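The chain contents come next:
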Amino acid sequence: RERGQDAYKNLVSLGSGGSNQVIATVVHARSLGWDNMKANTVTPCWFDKDEPDLDNTLNMLSVLSFPLKSSYDWGMKVGSSKMISSIASAWTQRDSVPMMLGGNCPSAVLGQASAILELAEQIEAKKCPDLDRIYLPIGSSATVSGLALGTVLVRHQGLKALSSPEFKIVGCLVHEVFGVLDRAFGMQKNFSYMPLTVAHSIRVACQALKDIGGRWSFEKEPRSFYLVRPKWCSH
């Protein structure tokens, strides 16, 4: 928007069948006056089904109760040409802006960074003990990326919390495909231009900090974190 581009007027909100992100995007867009039909649109894209419980069902039905120019779900058959063009559009963001599943975006990553800054302050105030490990699952990678970036900010501020040589953030991959790709190619650390990886999430968050006047760069990001792969991946 700041660069005079129109892509931001067409949001593609990604999630599974009961996604809170999809319903929240549609509702808030409507409250801002978006008609979801012509000038400003939100396209829900449910890539996989969720458990058929009441909350998930109500979320999906609520989205469908709003006027939508288009929507996609896991049961639709999409041709290869359409899939390729959609991926290209999402990658370049010329025609639309994808909202990655799991709320993965720079503001979400920086929000998690602020969480570990608050934790460090509590440790400094002796309200809780210092830590040697933080274990968490890796889904969209927003949380683990924010914690890794936040740890660097903690040390940059000179706080003693989380400074133990034994301290590690242990990310546990929960998706089979991501586990296989990481085992084969080191995807989480090495694929800095692939969305939903730790490397990409930290890179764009660092760029967002730089855009608002910070001095952080991708070269200074934390690269050392430990991955636990599911048992179906050989260690």
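Since the structure is predicted, the reported quantities are computational estimates derived from the model, not experimental observations. (Residues numbered from 1 in each chain as written. Predicted model: local features only at pLDDT ≥ 70, side-chain atom pairs only at ≥ 80, totals over all residues. Heavy atoms only, no water.)

**Q** What's the story with the pairing of strand E4 (residues 133-138) in this structure? I'm lost.
**A** Each regular strand displays side chains that alternate between the two surfaces of the sheet. Judged from the 6 bridges that link them, E4 and strand E5 (residues 168-173) form a sheet pairing that is parallel. Among the inter-strand pairings, Ile-138 is bridged to a residue of E5, identified as Leu-173. Handedness of the crossover joining E4 and E5 through helix H5 (residues 142-156): right-handed. (Pairing = 2+ DSSP bridges. Helix = DSSP H or I, 4+ residues; strand = E, 2+ residues; numbered from the N terminus. Right-handed = clockwise from strand over helix to strand, strands pointing away.)

**Q** Just checking my understanding: could you explain the packing of helix H4 (residues 106-124) against helix H8 (residues 198-211) for this structure?
**A** If you want to describe how two helices pack, look at the angle between their axes and the distance between the axes. It is the contact of H4 with H8, at a shortest axis distance of 9 Å, that shows an interaxial angle of 90°. With respect to their mutual orientation, H4 and H8 come out roughly perpendicular. Contact residues: H4 offers Pro-106, Val-109 and Leu-110, while H8 offers Ser-201, Val-204, Ala-205, Ala-208 and Leu-209. Partitioned by chemical class, the residues of the contact of H4 with H8 number 7 nonpolar, 1 polar and no charged. (Axes fitted to C-alpha atoms, helices over the stretch in contact; angles between N-to-C directions. Parallel < 35°, antiparallel > 145°, perpendicular 65-115°, else oblique. Contact = heavy atoms within 4.5 Å. Nonpolar A, V, L, I, M, F, W, Y, C, P; charged D, E, K, R; others polar.)

**Q** Sorry if this is basic, but what is going on with the packing of aromatic side chains here?
**A** Each aromatic ring pair is described using two quantities: the centre-to-centre distance and the angle formed by the ring planes. Enumeration over the complete set of coordinates arrives at 1 aromatic pair. On the numbers, 6.4 Å between centres and 35° between planes, the contact of Phe-185 with Phe-191 is tilted. (Phe/Tyr/Trp six-rings, centres within 6.5 Å; stacked < 30°, edge-to-face > 60°.)

**Q** Where do I start with H4 in this structure?
**A** Two residues of an α-helix separated by three or four positions point the same way, owing to the 3.6 residues in each turn. Taking 1.5 Å per residue as the helical rise, H4 with its 19 residues ought to reach 27 Å, and the 27 Å between its terminal C-alpha atoms agrees with that figure. What H4 keeps buried is the set Val-109, Ala-113, Ile-116, Leu-117, Ala-120 and Ile-123. The buried side chains of H4 occupy one side of the element, clustering within an arc of 115° when seen end-on. If you follow the buried residues of H4, they end up packed against E4, H5 and H8. A positive backbone phi angle near 60° is found at Lys-126, which sits one or two residues after H4. (Expected span 1.5 Å × (residues − 1). Buried < 20%, exposed > 50% of the residue type's maximum accessible area, 1.4 Å probe, protein only. Arc of directions from axis to C-beta.)

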